Amino acid sequence: QVQLVESGGGLVQAGGSLRLSCAASGSIFSINAMGWYRQAPGKQRELVAAITSGGSTNYADSVKGRFTISRDNAKNTVALQMNSLKAEDTAVYYCNAKVVVTLTYREYNYWGQGTQVTVSS
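Residues numbered from 1 in each chain as written. Predicted model: local features only at pLDDT ≥ 70, side-chain atom pairs only at ≥ 80, totals over all residues. Heavy atoms only, no water.

A. Region of interest: the environment of Thr90. Relative to the helices and strands, Thr90 resides in the loop between strand S8 (77-82) and strand S9 (91-101). For Thr90, a relative accessible area of 22% translates into the label partly exposed. Between the C-alpha atom of Thr90 and that of Leu103, which follows or precedes it by 13 residues, the distance is 39 Å. Excluding residues that lie within four positions of it along the chain, Thr90 makes contacts with Ala40, Gln116, Val117, Thr118 and Val119. Of note is the side chain of Thr90, whose polar atom sits 2.9 Å from the backbone nitrogen of Val119. (Helix = DSSP H or I, 4+ residues; strand = E, 2+ residues; numbered from the N terminus. Buried < 20%, exposed > 50% of the residue type's maximum accessible area, 1.4 Å probe, protein only. Contact = heavy atoms within 4.5 Å. Polar contact = N/O pair within 3.5 Å; in protein donor to acceptor, adjacent residues only side chain to side chain.)

Dropping the structure here:
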């Protein structure tokens, strides 16, 4: 089994910054893509940013230039630095990882429990 544990959410004023972190643990052989998604009330979950094991990144247009995703392959962690936050960034943020597990060496998709980010205007 694999667990993703997130931290770093909270309440911040518009224009401020927050840093989200996510650590993966358990029966991990390797991790392919890692990413952050978010879901605002009444809206579908959407991709915010993703990063491959080789460091290639992909961002939603709405966060380009403001958010930066990074990962530490040795520690199985991924982080999201969020700057210049806006009220519309308010959502529950979920960590995601595509993990190749030990024993079967098959890839599975895992989610964290979610962390609330609230930006006050």
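B. How the structure looks around the packing of aromatic side chains. One pass over the full model with this rule turns up two aromatic pairs. Seen from their ring centres, Phe29 and Tyr105 are 4.9 Å apart, and the 90° between their planes marks the pair as edge-to-face. A residue pair is termed long-range when its members are at least 10 positions apart, and Phe29 in strand S4 (residues 28-39) and Tyr105 in the loop between S9 and strand S10 (107-111) qualify at 76 residues. Between the NZ or CZ atom of Arg45 and the centre of the ring of Tyr94, over which it lies, the distance is 3.7 Å. Over the ring of Trp111 we find Arg45; its NZ or CZ atom is 4.6 Å from the centre of that ring. (Phe/Tyr/Trp six-rings, centres within 6.5 Å; stacked < 30°, edge-to-face > 60°. Lys NZ or Arg CZ within 6 Å of the ring centre and 35° of its normal.)

C. Here's a closer look at the nonpolar core. Residues Trp36, Leu80, Met82 and Tyr93 are the most contacted members of the largest nonpolar core, which totals 33 residues. Of all the secondary-structure elements, those providing two or more residues to this core are strand S1 (2-7), strand S3 (18-26), S4, strand S5 (46-51), strand S7 (67-72), S8, S9 and strand S11 (115-120). With six residues, S9 is the largest single contributor of residues to this core. With near-sequence residues (within four places) excluded, Tyr93 lies in contact with Glu6, Leu20, Trp36, Tyr37, Arg38, Val48, Phe67, Leu80, Met82, Gly114, Thr115 and Val117. (Core = buried A, V, L, I, M, F, W, Y, C linked by side-chain atoms within 4.5 Å.)

D. Broad picture of the sheet that holds S1. Across the sheet, four strands lie side by side as S1-S3-S8-S7; this open sheet has antiparallel pairing. Each edge of the open sheet carries a strand with a single partner, namely S1 and S7. Direction aside, neighbouring strands of the sheet carry axes that sit 15° apart on average. Alignment of S3 against S8, held across six bridges, turns out to be antiparallel. When the bridges of S8 are listed, Leu18 appears paired with Met82. (Pairing = 2+ DSSP bridges. Axes fitted to C-alpha atoms, helices over the stretch in contact; angles between N-to-C directions.)

Such coordinate-based values are descriptive only and should not be taken to indicate function.
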